[in-house]
Amino acid sequence: MATAQRATISISKDYLHFSAAHFTIFSATERENLHGHNFFVEADAIGEIGDDGLCFDYNAVKQLLKELCDQLDETTLLPARSPHLDVEESRSRVTVKFGDERLEFLPRDVTLLEVRNVTVEELALWFLRQLRASEEFERLPIDEITLRASSGPGQWASAHWDARQPSEGARP
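Residues numbered from 1 in each chain as written. Predicted model: local features only at pLDDT ≥ 70, side-chain atom pairs only at ≥ 80, totals over all residues. Heavy atoms only, no water.

Under the criterion given, the structure shown has 4 aromatic pairs. Seen from their ring centres, F137 and W161 are 6.4 Å apart, and the 65° between their planes marks the pair as edge-to-face. With F137 in helix α3 (residues 135-139) and W161 in strand β10 (residues 156-162), this pair connects stretches of sequence that are 24 residues apart. There is no split in this pair, since F137 and W161 are both buried. Taken together, the ring pairs in this structure connect F18, F39, W126 and F127 into an aromatic cluster. Lying over the aromatic face of F23, R31 brings its terminal NZ or CZ to 4.7 Å of the ring centre. (Phe/Tyr/Trp six-rings, centres within 6.5 Å; stacked < 30°, edge-to-face > 60°. Helix = DSSP H or I, 4+ residues; strand = E, 2+ residues; numbered from the N terminus. Buried < 20%, exposed > 50% of the residue type's maximum accessible area, 1.4 Å probe, protein only. Lys NZ or Arg CZ within 6 Å of the ring centre and 35° of its normal.)

In structure tokens, the structure reads:
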């Protein structure tokens with residue numbers, strides 16, 4: 001009986017990036033100034049090699065990641081789950097209260113993310129959760145995936161999902 005062969009497909013493309021503004025929150029009283037980064041996203045996906053010599057259609061993963069990057073591009077990213085921010089949305093503005101500070105944005109300039117803080121750690125998890133929530137991704141025979149997010153050269157964080165050992169952090 002032959003043992004199944006597995007392979008890792010690494011996905012790293014120039015177009016898997018987005019430019020966005022954010023600020024990291026350090027405590028109830030301390031945060032960074034609003035600033036921007038050119039963020040990058042990469043993935044390593046593992047699957048069984050089929051009889052046709054392929055693991056899965058990795059173009060589908062590239063397309064899903066590109067769509068997610070495009071959603072975040074040229075916006076201000078705000079954490080919806082931060083215990084230190086109060087976010088109020090109306091048709092004409094998004095108001096963010098941090099301590100005694102008040103920041104106002106046009107709704108079209110803001111992406112409110114289901115994260116606690118806008119950090120590369122949380123972005124890696126957010127991308128992984130978004131992929132896992134996609135029906136197209138769920139149809140792919142991927143056993144494991146590691147998603148990496150970067151805010152610049154040398155600053156990467158990763159999140160991992162293993163279908164054989166589900167981790168709580170990677171569940172949608």
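Another aspect to go through is helix α2 (residues 120-133). Look at α2: 20 Å from first C-alpha to last across 14 residues, which is about the 20 Å you get at 1.5 Å a residue. Of all 14 residues that make up α2, 10 are buried, and the element is covered over most of its length. Turning to α2, its buried residues are V120, E122, L123, A124, L125, W126, F127, L128, L131 and R132. (Expected span 1.5 Å × (residues − 1).)

On to the confidence of the model for the chain, then. Mean pLDDT over the chain works out to 93, with 94% of the residues at or above the 70 mark. In this model residues 168-172 is a low-confidence stretch, pLDDT under 50, and it forms 14 contacts with partners more than four residues away in sequence or in other chains. (pLDDT = per-residue confidence, 0-100. Contact = heavy atoms within 4.5 Å.)

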